[in-house]
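If you want the building blocks of each chain, they are given just below.
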Amino acid sequence: MNDRIRLFLLLNLFLSGLAFAQQPASMSVNDLDGEIGFRVHGENRTDWLGFAVSDAGDINDDGIDDFAVSALNHDGGGEDAGAVYVIFGTAQGFNPTIDLSTLDGSNGFMIMGEATEDQFGYSISNVGDINGDGINELAMMANEAETPGLVDNGITYIMFGRQTYPAVVSLSTFDGSHGGFTIHGKFAGDRASDVSAAGNFNGDNFNDLIVGTQAHDPGVTNAGAAYVIFGTDQGFPAILDLGDIDGSNGVAFWGENGGDIAGYKVSGAGDIGGDGSGDVMIAAIKESSDASNAGAVYVVYGKRQSWPASISLDQLDGANGFKLTGEEEFNYLGLSLSGNADFNADGKDDMLMGAHFTNTDTTVYFKTYVLFGSDNPMPAIQSIDTAADLVIKTTPTSSHNDSFFDTAFVGDLNADSITDLAMNDPRNSEVGNDSGAVYVVYGAPDFTVSELLTDQLSVHQGFKILGGNWNDLLGNAISTAGDINHDGVNDLLLGAHMTDNTDTNAGSAYVIYGNDGIFSDAFESSQ
C-alpha cells in the first residue's frame, strides 16, 4: 500500500473516531478504489449479483486463491436460470471495478444455469479437493432445477478444479470424469437449499461435502434432510442421485419432525469431536420442540467407521453428536452457520450460528453465537444461550427480513494470526433505508465479556463497513475471499444483491483487502 492511501485511511479513521466516540470505526464500500479493495457489479437489470459468494480456493492451480459470485436471476440460460462467475486471484492487482464481460478464461470465467427458473447459484461453496487430484472443487446449487419426472427437486453441480478454463463453462460437460458431476434431489419438491465443505468426515483422508434439502419428506412433510457425500479418487458418476446414498458413498441425516426444514443451512464444523475427523452442522430453523420456530442446530461427529445409509437426527446422544436449541420462539436458530476456524486462538475449532429476535415493540435484531472448542463432552441437548461462549448482537431496527442475514468466520483479516468473523445488519439505514452494514469482529486469545454489541465495538475489537446506497442490503452473503491479491493476508468478500450500480437490482459484490496497516494500526491510531 502506498503512503498516500495509508495516510488517507489513517486520517479518515481518526476523524471517524472523533465524530463517533461511541461507534465502531467505519468505512464504506464506496471507498473501494483498487488500492484497498474493489467492486464487481451485475451485468444486467435484476441479475441479483452477490446473492451468494464464496472463496473458490486455488481452482486454477496457479498458487493464488480465487473467488466466486452468483447472479441468481441472470437470464443467459433462460429467464432466472442464474449464473456463477469465478474470478482468478492475481498478484498484479485489480481495477477499482471488475467488468464481468471481460472474463475470458485467463482472468476468470462464467457458468450459466441450464434452464428457466433453475436459480443456479442459490448456494456456492469451496468444498476442497474431493477427488484427490490436488486442486479444489467448487459446488454450485440450482435449488429449483428439475430432473426428468421430478419438479423442483434441485441439482447441485460439482465442478472439478483444473489449470485451464474457457470463457464460458458449460454444465453439460459435467460427465463425472471431465468438468465435474451433478447431484440430484431424491424427490420432487425437495428443493436443494445449501451446500458446504464437510472436511474429512469419514476419516479416509479425502475431503467430503454436505448438501441440504430443506423440503425433503423422510416420512413426515418438510422434515428436511442433509447428505454427506464422501470424496474419493475412484471417480464419480455423471449423476449421483441422493436416493442412491447407501453408507459407502455417503450418509443421509433426516430431520426429526414435520416442518423442521432440516438442511436449510449446512456447514463443516471442523474437528469438534477431537478425533481427527471432520464434523458437520445441520440447521433446522423451524424446529419447535422447545418453542415455536425457535430452531435447532445439530452437530454430527464424523468418524472413520462403516456408516448406515441414513440416520435420524433424533438419534444424537452426546457421543455421536448433539443438538442446540433456540432461546425463544421465532429465533430460527441456524439462519447462518460457520465453522472450521479457531476464533480464540486456543488450538481448537470453533463454531458460530445466527438467530433472529423480535422485541415487544416489534423491533428486530440478530445474534451471532460463538461456541469455543472444548475437550469437555457436550450434552445430547442444550439451549444455545447456555452453550454459547460469546454472543454478538446487532442494534434493533424497525424493519426486518430474516433471509438477508448472514454471519461467518472470514479468515485472518488483520494479520494477527487469529481468525476473525463478520456479520451483517441487513436493515442498517445509516446511508439510506436498508443500505445495510457489515461488522467485522476480531478474533482474540481472550474475551473479557460474554456479549458484544455491534454498535459499541472498540477499534481494538473490530470495525463497520457501510453499504453504498439505499436498499443495497450489504452483507446478504459473507465469505472469506482467500488471499486473492497474494499479499499473505486474507481478504473479505461481501454480497449486496439489490444494488442499482449498473441497473436496477443488478447487484454487486465487494472485496476488501486484509491488511495489518488498515485493520490494526489504523484503527488503533484513532483512539
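Residues numbered from 1 in each chain as written. Predicted model: local features only at pLDDT ≥ 70, side-chain atom pairs only at ≥ 80, totals over all residues. Heavy atoms only, no water.

Enquirer: Provide a residue-level description of the overall build of the protein chain, including the pertinent values.
Expert: When you go through the protein chain residue by residue, the secondary structure sums to 3 helices and 35 strands. Expected size for 527 residues packed as a compact globule is a radius of gyration near 24 Å; at 21 Å, the protein chain falls within 12% of this value. Once the C-alpha set of the protein chain is aligned to its principal axes, its extents read approximately 60 × 50 × 40 Å. Here the protein chain holds 527 residues, and 61% of them are scored as buried. Contacts in the protein chain between residues at least 24 apart in sequence constitute 63% of all its contacts with a sequence separation of at least 6. For the protein chain, the accessible surface area stands at approximately 18700 Å², while carbon and sulfur atoms represent 45% of it. Separation between the mean location of the 17 positive side-chain charges and that of the 76 negative ones in the protein chain comes to 4 Å. (Helix = DSSP H or I, 4+ residues; strand = E, 2+ residues; numbered from the N terminus. Rg over C-alpha atoms; globule rule 2.2 N^0.38 Å. Buried < 20%, exposed > 50% of the residue type's maximum accessible area, 1.4 Å probe, protein only. Contact = heavy atoms within 4.5 Å. Areas by Shrake-Rupley, 256 points an atom, 1.4 Å probe, with all protein chains shown as cover. Lys, Arg positive; Asp, Glu negative; His and termini not counted. Charge placed at Lys NZ, Arg CZ, Asp CG, Glu CD.)

Enquirer: Got a sec to walk through the nonpolar core? Specific residues and values, please.
Expert: One finds M353, Y369 and L371 to be the most contacted residues of the largest nonpolar core, which totals 46 residues. The dominant element in this core, judged by the number of residues it contributes, is strand β25 (residues 364-371), at 6 residues. Sequence-distant contacts of Y369, that is, excluding residues within four places in its chain, are made with E327, L333, M351, L352, M353, A355, F357, I384, A388, L390 and V391. Counting residues in hydrophobic clusters, the runner-up holds 24 residues, among them F51, I59, F88 and L171. (Core = buried A, V, L, I, M, F, W, Y, C linked by side-chain atoms within 4.5 Å.)

Enquirer: Before we move on, could you go through the pairing of strand β18 (residues 262-270) and cite the residues and values that matter?
Expert: β18 sits mainly inside the fold: 8 of its 9 residues count as buried. Across 6 bridges, the pairing between β18 and strand β19 (residues 279-284) is antiparallel. Note that in β19 the partner of A262 across the bridge is A284. (Pairing = 2+ DSSP bridges.)

Enquirer: Can you tell me about the sheet that holds strand β24 (residues 350-358), naming the residues and giving the values?
Expert: As summarised here, the arrangement of the 5 strands in space is β23-β24-β25-β27-β31, forming an open sheet in which the pairing is mixed. The open sheet has two edge strands, β23 (337-341) and β31 (451-453), and neither has a second partner. On average, each strand axis in the sheet is inclined to that of its neighbour by 20°, with strand direction left out of account. As judged from the 3 bridges shared by β23 and β24, these two strands associate in the antiparallel manner. Residue pairing across strands places S338 opposite L352, the latter belonging to β24. (Axes fitted to C-alpha atoms, helices over the stretch in contact; angles between N-to-C directions.)

Enquirer: Could you give an account of the pairing of strand β2 (residues 37-41), naming the residues involved and the relevant values?
Expert: Within β2, 5 of the 5 residues are buried, which leaves the element mostly enclosed by the surrounding structure. Burial along β2 is two-sided: the residues G37, R39 and H41 and F38 and V40 are all buried. Bridging between β2 and strand β35 (residues 508-512) involves 5 bridges; their strand directions are antiparallel. Bridge assignment links F38 to a residue of β35, and that residue is V511. One ladder, built from 2 bridges, connects β2 with strand β6 (residues 97-98); its direction is parallel. Bridging from a neighbouring strand, R39 pairs with T97 of β6.

Enquirer: Explain a negative patch on the surface to me, and be specific about the residues and the numbers.
Expert: A contiguous patch of negative charge on the surface is contributed by D75, E79, E117 and E146. Relative to the helices and strands, D75 resides in the loop between β4 (66-71) and β5 (83-87). For D75, a relative accessible area of 43% gives the class partly exposed. (Patch = residues over 30% accessible without salt bridge, like charges linked within 9 Å, V, L, I, M, F, W, Y side chains within 5 Å. Salt bridge = Lys/Arg side-chain N within 4 Å of Asp/Glu carboxyl O.)

Enquirer: Account for the sheet that holds strand β26 (residues 381-383), naming residues and giving values.
Expert: Across the sheet, 5 strands lie side by side as β18-β19-β20-β22-β26; this open sheet has mixed pairing. Each of the sheet's edge strands pairs with one partner strand only, and the pair in question is β18 and β26. Averaged over all adjacent pairs, the angle separating strand axes in this sheet is 20°, with direction ignored.

Enquirer: Break down the packing of aromatic side chains for me, with residues and values.
Expert: Overall, the coordinates contain 25 aromatic pairs when judged by the stated rule. Seen in terms of ring centroids, F51 and Y122 are 5.6 Å apart; in terms of plane orientation they differ by 40°. Their pairing is tilted. Linking F51 in strand β3 (residues 49-57) with Y122 in strand β8 (residues 120-128), this pair joins segments that are 71 residues apart in sequence. Linked through ring pairs, F38, F67, F94 and Y513 together constitute an aromatic cluster. Geometry around F357 places K367 over its ring, the cationic atom sitting 4.4 Å from the centre. Directly above the aromatic system of Y365 lies the positively charged group of K393, at a separation of 5.2 Å from the ring centroid. (Phe/Tyr/Trp six-rings, centres within 6.5 Å; stacked < 30°, edge-to-face > 60°. Lys NZ or Arg CZ within 6 Å of the ring centre and 35° of its normal.)

Enquirer: Describe the pattern of salt bridges, naming the residues involved and giving the relevant values.
Expert: Inspection of every chain in the model, using the stated rule, returns 9 salt bridges. D503 is paired through a salt bridge with R45; the nearest N and O atoms lie 3.5 Å apart. Note that D503 is positioned in the loop between β34 (491-496) and β35 and R45 in the loop between β2 and β3, a separation of 458 residues in sequence. Assessed through its relative accessible area of 30%, D503 is described here as partly exposed. Across the salt bridge formed by R191 and E144, the nearest N and O atoms sit 3.1 Å from each other. Placement of the pair is R191 in the loop between β12 (180-184) and β13 (192-199) and E144 in the loop between β9 (137-142) and β10 (155-159), with a sequence separation of 47 residues. Assessed through its relative accessible area of 28%, R191 is described here as partly exposed. Among the ionic contacts, a cluster of salt bridges with common partners joins E144, D152 and R191.

Limitation: the analysis is restricted to geometry and does not speak to function.
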